[in-house]
Amino acid sequence: MKLKEKRAGPSGKLGPVPQLELRETVEQDLAFVLATEADPDVAPWIGCWTRERHLEAISTENEAHLVFCEREQTVGFLLLAGLAAPGHTIELRRIALSRRGAGLGARSIELALGYAFRVLGARRVWLDVLETNGRAWRLYRRSGFSDDGFAPNGHLLSDGSSVPLRLMSITASAFAAPSGRPARLSS
Ligand SMILES: CC(C)(COP(=O)(O)OP(=O)(O)OC[C@H]1O[C@@H](n2cnc3c(N)ncnc32)[C@H](O)[C@@H]1OP(=O)(O)O)[C@@H](O)C(=O)NCCC(=O)NCCS
């Protein structure tokens, strides 16, 4: 079975979670995705792609491009990468919400990990995050991610300096274990 076929049910919706759902991105979502990437409160923390690169991610077997919806309104997007790599290790490459600081962060990570582990069959999910992005790495830690140290060269900036890049990961068994989940999500 192709990876793209495994991901969504016939409706394209992926498991209802109170108020927030995850579904595959379609071309009509890209205006939202590009605007979210360009938001001055988001842009410093994530990579920024062209519309063409996003279209490629929608169609390739190696990446999953998804959006978060709250009552039919699109409130964020998610990129997963490495789907076709051996070892069932998937990268949470990018996550961004348009409605931040409203309690959607924890639920969006829960949905992202549920998708990676249950739908895509990942055994481990990893990510890197700028050390200066405490809003994100605290959320990952509370969501069950472990600290795996720092990338050797950090994240290089255009002026030649670098910012420490924290590496984090979570296994399927840690995600499934009650202790691996934030208390407010396991109730
Ligand atoms: C990262 C992101 C997905 C988190 O979602 P969110 O709904 O805004 O997150 P929350 O409101 O749950 O906040 C997460 C935690 O960070 C804390 N926080 C909020 N703003 C913060 C800041 N400026 N600095 C440090 N911590 C901050 C919150 O208090 C919360 O911690 P708590 O639950 O212990 O109180 C979202 O903020 C976002 O899209 N950010 C821009 C893109 C980005 O950074 N993506 C991640 C790249 S690795």
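Going by the structure above, here's the rest.
Residues numbered from 1 in each chain as written. Predicted model: local features only at pLDDT ≥ 70, side-chain atom pairs only at ≥ 80, totals over all residues.

**So, the overall build of the protein chain**
Keep this limit in mind: Put simply, DSSP marks the helices as runs of H or I at least four residues long and the strands as runs of E at least two long, and each gets a number from the N terminus on. Three classes are used. A residue is buried when 20 or more other C-beta atoms lie within 10 Å of its own, exposed when 12 or fewer do, and partly exposed in between, with C-beta atoms placed from the backbone. Any two residues are considered in contact once their C-beta atoms, placed from the backbone, lie within 7 Å.
Scanning the protein chain for helices and strands turns up seven helices and nine strands. Residues counted as buried form 27% of the 187 residues belonging to the protein chain. The contacts of the protein chain with a sequence gap of at least 6 include a subset with a gap of at least 24, amounting to 56%.

**Points about unusual backbone geometry**
One non-glycine residue with positive phi stands out, namely E72, at about 70°. Within the fold, E72 resides in the loop between β2 (63-70) and β3 (73-81). Classification of E72 by C-beta neighbours within 10 Å gives exposed; the count is 6. Of note, the phi angle at H88 is positive, near 55°, even though the residue is not glycine. Turning to its location among the elements, H88 is positioned in the loop between β3 and β4 (89-97).

**Quick look at the sheet that holds β3**
Within a beta sheet, neighbouring strands are joined by backbone hydrogen bonds and run either parallel or antiparallel to one another. Test applied: If DSSP finds at least two bridges between two strands, the strands pair. Convention adopted: a line fitted to C-alpha atoms gives each axis, helices being fitted over their contacting stretch, and angles between N-to-C directions are expressed from 0 to 180 degrees.
One open sheet holds the seven strands; their spatial order is β1-β2-β3-β4-β5-β9-β6, and the pairing between them is mixed. A single partner strand is all that each edge strand has here, and the edge strands are β1 (20-24) and β6 (146-150). Within the sheet, the average angular offset between the axes of one strand and its neighbour, ignoring direction, is 30°. Pairing analysis gives six bridges linking β3 to β4, with the strands arranged antiparallel.

**Some details on the site of the ligand**
As a reminder of what qualifies: In this analysis a residue is considered near a molecule or strand if the C-beta atom, reconstructed from its backbone, is found within 6 Å of that molecule or strand.
Not every one of the 20 residues close to the ligand is listed here, only the nearest: W45, R100, G105, G134 and R135. Secondary-structure elements contributing two or more residues to the shell around the ligand are β4, α4 (104-119) and α5 (134-142). Looking at which element gives the most residues to the shell around the ligand, the answer is α5, with five residues.

**Observations concerning the environment of W126**
Residue placement: W126 occurs in strand β5 (residues 124-130). When the C-alpha positions of W126 and S169 are compared, they lie 4.1 Å apart, and in sequence the two are 43 residues distant. Leaving out residues up to four positions away in the same chain, W126 has contacts with T89, E91, L167, M168 and S169.

**A short note on the nonpolar core**
What counts, and what does not: By our criterion, buried Ala, Val, Leu, Ile, Met, Phe, Trp, Tyr and Cys residues that link up through C-beta atoms within 7 Å make up a nonpolar core.
Residues F68, L78, L80, A112, L113 and A116 are the most contacted members of the largest nonpolar core, which totals 35 residues. Contributions of two or more residues to this core are made by β2, β3, β4, α4, β5, α5 and β9 (165-171). Broken down by element, the residue count for this core peaks at seven residues, all from α4. With near-sequence residues (within four places) excluded, A112 lies in contact with L78, L92 and I95.

**Focus on the packing of α4 against α5**
The following threshold applies: Between 65 and 115 degrees an angle is taken as roughly perpendicular, under 35 as roughly parallel, over 145 as roughly antiparallel, and anywhere else as oblique. Rotating anticlockwise by less than a right angle from the far helix to the near helix defines a left-handed crossing, while the corresponding clockwise rotation defines a right-handed one. Residues are grouped as follows: Ala, Val, Leu, Ile, Met, Phe, Trp, Tyr, Cys and Pro are nonpolar; Asp, Glu, Lys and Arg are charged; all remaining types, including Gly, are polar.
Axis separation between α4 and α5 bottoms out at 10 Å; the angle between their running directions is 55°. It follows that α4 is oblique to α5 by the angle criterion. Crossing handedness for the pair α4 and α5: right-handed. Residues G105, A106 and I109 of α4 form the contact with α5, whose participating residues are L139, Y140 and R142. Of the residues belonging to the contact of α4 with α5, the class tally is four nonpolar, one polar and one charged.

**Details of the environment of S173**
Relative to the assigned elements, S173 resides in helix α6 (residues 172-176). Between the C-alpha atom of S173 and that of R124, which follows or precedes it by 49 residues, the distance is 8.8 Å.

**What to know about α4**
Heads up, the rule is: Multiplying one less than the number of residues by 1.5 Å gives the expected span of a helix.
Over its 16 residues, α4 extends 21 Å from the first C-alpha to the last, a length consistent with the 22 Å expected when each residue adds 1.5 Å. Following α4 by one or two positions, G121 has its phi on the positive side, about 75°.

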